[in-house]
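Letter by letter, the chains look like this.
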Amino acid sequence: MTRFAPLRQPLMAGARGCWYTDVQGRQHLDLLAGCWCTILGHAHPVFTRRVRRQAGRFVHAGTGYLSPEVHQGVEAFLSILPGDYRVALLNTGSEAMDLAIRVARAATGRRAVISVERGYYGATAEMLALTGTAGAHPLGYRLPVPDCSRCEHSLPACGLGCTEPPDPLCGVAAVVCEPILASGGMVVPPPGYLPRLETLARSREALLVVNEVTTGGGRTGRWFAHQDQGVSPDLVVVGKAFGNGFPAAALLVRDEVEDRARRAGLTHVQSHGFDPFTGFLVATVIELVREEGLLARAGEVGRELKDRLDKLAERFPVRNVRGDGLLLAFDVPEPGFSAVARRLEELGVVVGAQPVHSTFRLLPALVLGEVEIAVFAGALEDSLSRLP
Ligand SMILES: Cc1ncc(COP(=O)(O)O)c(C=O)c1O
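Residues numbered from 1 in each chain as written. Predicted model: local features only at pLDDT ≥ 70, side-chain atom pairs only at ≥ 80, totals over all residues. Heavy atoms only, no water.

Caption draft 1: Region of the structure containing the nonpolar core. Of all hydrophobic cores here, the largest spans 64 residues; its most connected members are Phe77, Phe242, Leu252, Phe330, Leu362, Phe376 and Leu380. Ranked by the residues each element gives to this core, the list is headed by helix α8 (residues 276-291), at 9 residues. Two domains each put at least three residues into this core: domain 1 (12-30 + 293-385) and domain 2 (50-291). The contacts of phenylalanine 242, once residues within four sequence positions are left out, are Phe77, Ile80, Gly216, Gly217, Trp223, Phe224, Ala248, Leu281, Val282, Val285 and Ile286. Core analysis: the next-biggest nonpolar cluster, separate from the first, contains 52 residues, Ile101, Tyr121, Val187 and Val210 among them. (Core = buried A, V, L, I, M, F, W, Y, C linked by side-chain atoms within 4.5 Å. Buried < 20%, exposed > 50% of the residue type's maximum accessible area, 1.4 Å probe, protein only. Helix = DSSP H or I, 4+ residues; strand = E, 2+ residues; numbered from the N terminus. Domains from an automatic or database assignment. Contact = heavy atoms within 4.5 Å.)

Caption draft 2: Fine view of the packing of aromatic side chains. As enumerated under the stated definition, the model contains 7 aromatic pairs in all. With 5.4 Å between their ring centres and 25 degrees between their planes, phenylalanine 330 and phenylalanine 360 make a pair best called stacked. Taken as a pair, phenylalanine 330 in strand β13 (residues 327-331) and phenylalanine 360 in strand β16 (residues 359-362) lie far apart in primary sequence, 30 residues in all. Comparing phenylalanine 330 with phenylalanine 360 shows no difference in burial state: the two are buried. Taken together, the ring pairs connect Phe47, Phe246, Phe277 and Phe280 into an aromatic cluster. (Phe/Tyr/Trp six-rings, centres within 6.5 Å; stacked < 30°, edge-to-face > 60°.)

Caption draft 3: Examining the site of the ligand more closely. Taken together, 13 residues lie around the ligand, and Gly93, Ser94, Asn211, Thr214 and Lys240 are the ones closest in. At 2.9 Å, a backbone N or O of glycine 93 approaches an oxygen atom of the ligand. Lysine 240 is positioned with one of its side-chain polar atoms (N or O) 2.9 Å from an oxygen atom of the ligand. Protein chains shield 84% of the accessible area of the ligand, which is 390 Å² for the free molecule. For the shell around the ligand, the residue count by class is 4 nonpolar, 7 polar and 2 charged. (Near = heavy atom within 4 Å. Polar contact = N/O pair within 3.5 Å; in protein donor to acceptor, adjacent residues only side chain to side chain. Areas by Shrake-Rupley, 256 points an atom, 1.4 Å probe, with all protein chains shown as cover. Nonpolar A, V, L, I, M, F, W, Y, C, P; charged D, E, K, R; others polar.)

Caption draft 4: Inspection of the sheet that holds strand β4 (residues 85-90) at higher detail. Spatially, 8 strands are ordered β4-β11-β10-β9-β8-β5-β7-β6 in an open sheet, and the strand pairing comes out mixed. Where the open sheet ends on each side, the last strands, each with one partner, are β4 and β6 (135-137). The sheet shows a mean angle of 20 degrees between the axes of neighbouring strands, direction not considered. In the sheet, strand β9 (residues 207-211) pairs with strand β10 (residues 235-238) via 3 bridges, with the strands oriented parallel. Bridge pairing in β10 links valine 209 to leucine 235. Each of β4, β10 and β11 (249-254) touches helix α3 (residues 68-80); the most contacted strand, β4, lies at about 130 degrees to it. Sitting on the sheet, helix α7 (residues 255-263) touches β4, β9 and β11, and the angle it makes with β11 is about 95 degrees. (Pairing = 2+ DSSP bridges. Axes fitted to C-alpha atoms, helices over the stretch in contact; angles between N-to-C directions.)

Caption draft 5: Molecular detail of the domain arrangement of the protein. Parsing the protein into structural domains produces domain 1 (12-30 + 293-385) and domain 2 (50-291). Listed as interface residues are 22 residues of domain 1 and, on the opposing side, 22 residues of domain 2. Carbon and sulfur atoms supply 56% of the area that domain 1 and domain 2 bury against each other, a total of about 1,700 Å² over both sides. Broken down residue by residue, the surface that domain 1 buries against domain 2 is led by Leu295, Leu327 and His357, which jointly contribute 36%. For the interface between domain 1 and domain 2, the tally reads 2 salt bridges. Between arginine 150 and aspartate 331 there is a salt bridge, with the nearest N and O atoms lying 3.0 Å from each other. Here domain 1 and domain 2 share 16 residue pairs in polar contact (both at pLDDT 80 or more) between them. (Buried area = accessible area lost by both parts, 1.4 Å probe. Salt bridge = Lys/Arg side-chain N within 4 Å of Asp/Glu carboxyl O.)

Caption draft 6: Just the pairing of β4, in detail. Here β4 lies mainly inside the structure; 5 of its 6 residues are buried. Looking at chain direction, β4 and β11 are connected through 6 bridges and run antiparallel. The residue bridging leucine 90 from the neighbouring strand is alanine 249, located in β11.

Caption draft 7: The environment of valine 74, seen in detail. Tracing the chain through its elements places valine 74 in helix α3. Sequence-distant contacts of valine 74, that is, excluding residues within four places in its chain, are made with Val87 and Leu89.

Caption draft 8: Layout of the side chain of histidine 357. When you line up the elements, histidine 357 lands in the loop between β15 (352-354) and β16. With residues near it in sequence (within four places) discarded, histidine 357 still touches Arg118, Arg150, Gly184, Gly185 and Asp331.

Caption draft 9: Up close: unusual backbone geometry. Here leucine 155 and proline 156 are connected by a cis peptide whose omega angle stands at -5 degrees. Tracing the sequence through the fold places proline 156 in the loop between β7 (140-143) and β8 (172-177). Although it is not a glycine, asparagine 244 adopts a positive phi angle of roughly 45 degrees. Mapped onto the fold, asparagine 244 is located in the loop between β10 and β11.

Rendered as structure tokens:
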């Protein structure tokens, strides 16, 4: 095993729906859909059957060859994101974000990128450089985190000052943002935040890149979390959910922006770009989400789960219950946080514990049901009621 492998116990032997089974046969409730990916649930029967069939038919094609599956994947994206977009089918969110920045730079002829403190954009060296604390960074500038719950200013008097970089900053290619900063502690920006970033991008003649790697795919009850916020991104980056556990990601670019980047000589070639299997995955996930009414379900079940958390917050030190659909989080201040995290693990409940923010994140599969909510609420109540 490589030294980079994460050392998490126990060893998992398999998974179905919202449940892992470990090698001892014990069940663990997965409230993170793996790494926020398996929105249809693990081993979804129809998805699995189709994957088997596709694996025996066509998985990979050489660079430059397209296939009906690729057209189906692209058409499926265009059916959920109306507008003049073109689609690049890729493998990971990091790759898609990286390409978004390269496209923005080629199209604008500029280099600087405005990102957001505690934003997360991927694991490549350049994307990691965008992440960090507010202020200057090697590629441009980071805006302060839009976390009203921990901010010394208050709305509306603050005038969303967190969307204003210093004036001398010039040569801006892109403003990048997430509708909800899931990795950064599940920060839900205040109303009007995304439109302000769009205004910022337009005023600097930069492009607006909306990173929907976590928020896209239906988790919020909408295909994309920016869709009801009155913004028109130039580039939209997606991943995770669209592969339901397989690597699938995409960059959706306005056609006029892609034309400019292409004229500037931009190319992007890698072994698995536009693979038939990626097209198949995207088209199949979108079809099954539609067929099973999972957008509506994410909204409804998300409200139910949030209600349960709000009720627990009336009796226990549960703070700042927040999120959208099945993208939820809550805080438990220390010393309670560590004890609750330990107890949930003992009880076989997998949540995203983030000690640095005292935050627990919940990003389950959209097929989460009443049984799972009851098991989770029971385990959380048990953990909280043991606190001194
Ligand atoms: C918002 C966001 N962007 C980009 C990425 C990187 O995606 P991947 O891990 O598929 O490379 C992630 C992964 O967690 C993410 O949450």
